[in-house]
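A structural walkthrough
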Amino acid sequence: MFEFFAVAIAVIALIVARKAMNQTATLKSRLDALEASGWRAAPMPPPLVPAQEAEPAAAPEIPATTVAAEPDAPFQEAAPSIADDLASVAPATPPPLPPATPGFEERVGTRWVVWLGGLTLALGGFFMVRYSIDAGLLGPGVRTLLGGAFALALLIAGEWTRRKENTSSIAVLPIANIPAVLTAAGTAVAFGTAYAAYALYGFLAPASAFLLLGLVALGTLAAALLHGPMLAGLGVVAAFGTPLLVSSEKPDFWALYIYLAVVTAASFGLARARLWSWLAVTTIVLALIWILPVVKFDPPDVGPYAFHAIAGFALAALLVVCGFLFGPSAEDDSVEWVSSGSLTAYLFGAVLIVLASFHASAAMVVFAVLTAATLGVAWRAPAATGAVAPAAVFVGLVFLVWAVRVNPDLLVLPGGPLPGIGGPAATDESVSLHLTVAALFAAGFGAAGFFAQGRSTNALVPVIWSASGVFAPLALLIALYARIAHLDRSVPFAILAVIVAILFAAATEMLTKREPRPGLVTSTALFATGTLAALALALTFALDKGWLTIALALTSAGAAWVSTQRPIPFLRVLSSILAAVVVLRVGYEPRIVGAAVGTTPIFNWLLWGYGIPAASFWTASIFLRRRGDDAPLRAVEAAAILFTVLLVFLEIRHAINGGDVYRDSAGLTETGLQVCAALAMAIGLERLRLRSGSIIHNVAAVLLTLFAGAASLFGLLFLDNPAIWHIDINGEFINQLLLGYAAPAVLALLLSYAVGGRRAAAYGNTIAAAALVLALSYVSLQIRRFYQGPVLSHGGTPDIEQYTYSIAWLGFGVLLLVIGIWANSQRARLASAVVIALTIGKVFLIDLSTLTGVYRALSFMGLGLVLVAIGWFYQKVLFRRTAAPATPAPAPGT
């Protein structure tokens, strides 16, 4: 015991010495600051010299002209006065001292050491108790009393030092608060002593321990009013952590949440008194954690949890929300996120109660009351407007979960139903209650979103209200439709959606006629968006499954048209957003209606599912282009091109493969048709881009051309080439070769002329070369089909077939030459030269070694005659030179 008091006295002496050192360091830092500012004390005047010892000063000689010019000048103007001399000697007023910045040594000596000392004191108390236990010096009762006495001593020391500092004449420096540190150490020791008395020694019953620990925590919060934020943080953590330390086999949740309500009130009150927003946030987070036990019980007792959510919400509204009742003052109409977050947190707790209780009636009533209270508080206090949007989302979430739980088949994906959805526990309460609450929610959010316009000078406030007023009714309408109509056709729900669309349209029209106010344009756009979305839902409800894609596409066109009548910028963005949603929808299921797409070529669900959206997007792009070229227009144009391309490609796959668009391979016919379609659409886009100047049309034309080139190279010339693979070619002349090679060659040639003079010459020449390769391939494969029959990949090559190749190539080259001369096309003449060069190479490299007899002779003779004829034609017709007229001879003598 003597050692204990010695240690205590040493600690007190260390504190007193440290305080004196702090004061000395403060005075020294002030003197250093004065010297650094440039202020110096006035120098001492020199000692007076007796008059008899002073040497007479030589009088300056004054020019006579000066004296004569100014005979009447007074003496005081000719020499400086004695007052001026004294003013020049007197020291100037020192400048104001700059604020002192604490250095590393000051931080260590005035802050870190103090905090470490407080922690050491608390640990010292714990270690002393531990030592007494290990050594067996004291009994449990004495240990508990000594721990309490040590805690009381620290608390008294903290209060004594606080009062001494308040009465001290030395100004308080921005250093660690020694009284707060001592008080915090004392409360920590008191908390540990009380818990040890309960958990280790069994001196206290659970209820008594709970009460004692709670009193210590609340006392800590009360002491924080005097000792600052560090003690407040310790108190709030200890208060919310107390229930974890005291356990019981039969927990009383009513007692727990009543205690938490008291702690929350004390913490919020302290945060309000000292304006500590961090303390309010910490309290909200810890209180929200204590609502999580509702998830453990199936089903839980709604009462205690509902009380916790309601009490916390009420306290937050009273003490935390700025500009509402007892909350802090608000700054203008700005949205304050602590105010909004506090209401959102407790409303989220109500959502957890609803979900955990499987939408029990009491939980739904509590959720409805808190949602209505959120709207009311936000209506009175703009600082809490940020909670309106989460409230609308929570409403949609609650009703969507309610719809899914009773219809678990709605979440069945290709991989099976989601885990945890459905089952015998997924039961719902009365439908009438949910319908009533949904109607109230829809009316409340919608009306508030409309009437909130023009009430605030902050543009964010009316935008949040209008967005929530549009989202909540639509989300509720979808959830009720999924729950009651099971996503089937429902004319009543379609009528209800039309009514909602009419209300939104009326709100849009009335808002457009109001005088400009902050946020009015965006709010008007949101209501217009709600109008179009409600119309899309009406189409969805009234039509069979799969028409939702069509409805959204039509809504995109509708939004574009409305933007031409009402210049609301957001409508253009909305049109592009709807287009993106439709694109994502078909990306999930390209068949749109699944296996019900049908097997009839052309006239099947692909025509409606892709054709109508494509037409809608083309129409929307026309409307949007009237007001300029921007990102929304380009997005809609891209969607229009995408759906047009997909319509053509999928219809080809559907027709060729008997309705199976998911077939993992393609044949010669399908590849040829795809290449033809790509080239035809590229030609159309090349023409269209000249009129529109759209970069989307430009890029799409290039991409389609590249696709056609890749499909021709890897598909037609290799993977689907009948000369390489076993592919049956049915028909002598009307066969797959026409679709696979002849038609693409003609379209490629047309495309090369379509880009001529409008793109780089290399681009057009490359396309023309591809056309030449495809045409020559068609000629060769058709000859092969004539001699070999349906299968081209087997059998040898007789002399007559080999000779026919040479004659056909040569004739093809001559035909190109004639066309080039007739059309004055240098490109055709160059193609002719290439074909004839290939023919020459074939004759000398192949025919010379493979042909025999008359065929070899005819091959060379024919080639020679054609070459001579071509040379003559070039000399005499194409590049003929007219002889220059003869110059007459000069006359004699001239």
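Above this text you will find the structure in question.
This structure is a prediction, so every number in the text was calculated from the model and none was measured.

Taking 1.5 Å of rise per residue, the 13 residues of helix α11 (residues 277-289) would be expected to cover 18 Å, and the 19 Å separating its terminal C-alpha atoms lies within 8% of that figure. For α11, every residue scored as buried is listed here: Leu279, Ala280, Thr283, Ile284 and Ala287. Along α11, the residues classed as buried sweep out an arc of 135° about the axis, all on the same side.

With that out of the way, let us pick up the packing of helix α18 (residues 491-512) against helix α19 (residues 520-542). Two measures define how a pair of helices packs: the angle their axes make with one another and the distance between the axes. Running from N to C, α18 and α19 point in directions that differ by 160°, and their axes come no closer than 8 Å. On the basis of their axis angle, the class for α18 and α19 is roughly antiparallel. Crossing geometry of α18 relative to α19 is assigned as left-handed. On α19, the residues touching Phe493, Ala494, Ala497, Val498, Val500, Ala501, Phe504, Ala505, Ala507, Thr508, Leu511 and Thr512 of α18 are Leu520, Thr524, Phe527, Ala528, Gly530, Thr531, Ala534, Leu535, Leu537, Ala538, Phe541 and Ala542.

Moving on to the packing of aromatic side chains. The description of an aromatic ring pair uses the distance of the two centres, along with the angle that the planes make with each other. Taken as a whole and judged by the stated rule, the model has 16 aromatic pairs. Seen from their ring centres, Phe348 and Phe394 are 5.9 Å apart, and the 40° between their planes marks the pair as tilted. Remark: Phe394 occurs in helix α15 (residues 388-406) and Phe348 occurs in helix α13 (residues 337-356); sequence separation between them is 46 residues. Since its relative accessible area comes to 33%, Phe348 is described here as partly exposed. Given a relative accessible area of 12%, Phe394 falls into the buried group. Seen in terms of ring centroids, Phe399 and Phe441 are 6.3 Å apart; in terms of plane orientation they differ by 85°. Their pairing is edge-to-face. Of this pair, Phe399 sits in helix α15 while Phe441 is found in helix α16 (residues 431-451), placing the two residues 42 residues apart along the sequence. Neither Phe399 nor Phe441 differs from the other in exposure class; each is buried. Following the ring pairs from residue to residue traces out a cluster consisting of Phe367, Phe399, Trp402 and Phe441. Geometry around Trp379 places Arg455 over its ring, the cationic atom sitting 4.0 Å from the centre. The ring of Tyr753 has Arg827 lying over it, and the distance from NZ or CZ to the ring centre is 5.5 Å.

Further remarks concern the pattern of salt bridges. A full pass over the atoms with the stated rule returns nine salt bridges. Ionic pairing is found between Glu670 and Arg653, a salt bridge with its closest N-O pair at 2.6 Å. In this pair, Glu670 is assigned in helix α24 (residues 668-692) and Arg653 in helix α23 (residues 631-656), connecting sequence segments 17 residues apart. The exposure class assigned to Glu670 is buried, which follows from its relative accessible area of 2%. Put simply, Arg784 and Glu801 hold a salt bridge, and the shortest N to O gap is 3.1 Å. Linking Arg784 in helix α27 (residues 761-788) with Glu801 in helix α28 (residues 799-822), this pair joins segments that are 17 residues apart in sequence.

Criteria and cut-off values
All chains use their own residue numbering, which begins from 1 and follows the written sequence. Predicted model: local features are reported for residues with pLDDT of at least 70 only, side-chain atom pairs are reported and counted for 80 or more only, and whole-chain, interface and lining totals are derived from all residues. By convention in this description, side-chain values take in all heavy atoms of the structure and omit both hydrogens and water. A run of H or I in DSSP counts as a helix once it spans at least four residues, and a run of E counts as a strand once it spans at least two, with each numbered from the N terminus. Multiplying one less than the number of residues by 1.5 Å gives the expected span of a helix. We call a residue buried when its accessible area falls under 20% of the maximum for its residue type, exposed when it is over 50%, and partly exposed in between, using a 1.4 Å probe and counting protein chains only. Here the arc refers to the set of directions running from the helix axis out to each C-beta atom. Each axis is a line fitted through C-alpha atoms, taken for helices only over the stretch in contact, and angles between the N-to-C directions span 0 to 180 degrees. Any angle between 65 and 115 degrees counts as roughly perpendicular, while under 35 counts as roughly parallel, over 145 as roughly antiparallel, and the rest as oblique. Note: crossing handedness is left-handed where the near helix turns anticlockwise from the far helix by less than a right angle, and right-handed where it turns clockwise. The contact definition used throughout considers only heavy atoms, calling two residues in contact when any of these lie within 4.5 Å. Within 6.5 Å between ring centres, the rings of Phe, Tyr and Trp (the latter by its six-membered ring) count as paired, and their orientation is classed by plane angle as stacked under 30 degrees, edge-to-face over 60, tilted in between. The rule is short: NZ of Lys or CZ of Arg within 6 Å of the ring centre and within 35 degrees of the ring normal puts a charge over the ring. A side-chain nitrogen of Lys or Arg and a carboxyl oxygen of Asp or Glu constitute a salt bridge if their distance falls within 4 Å.

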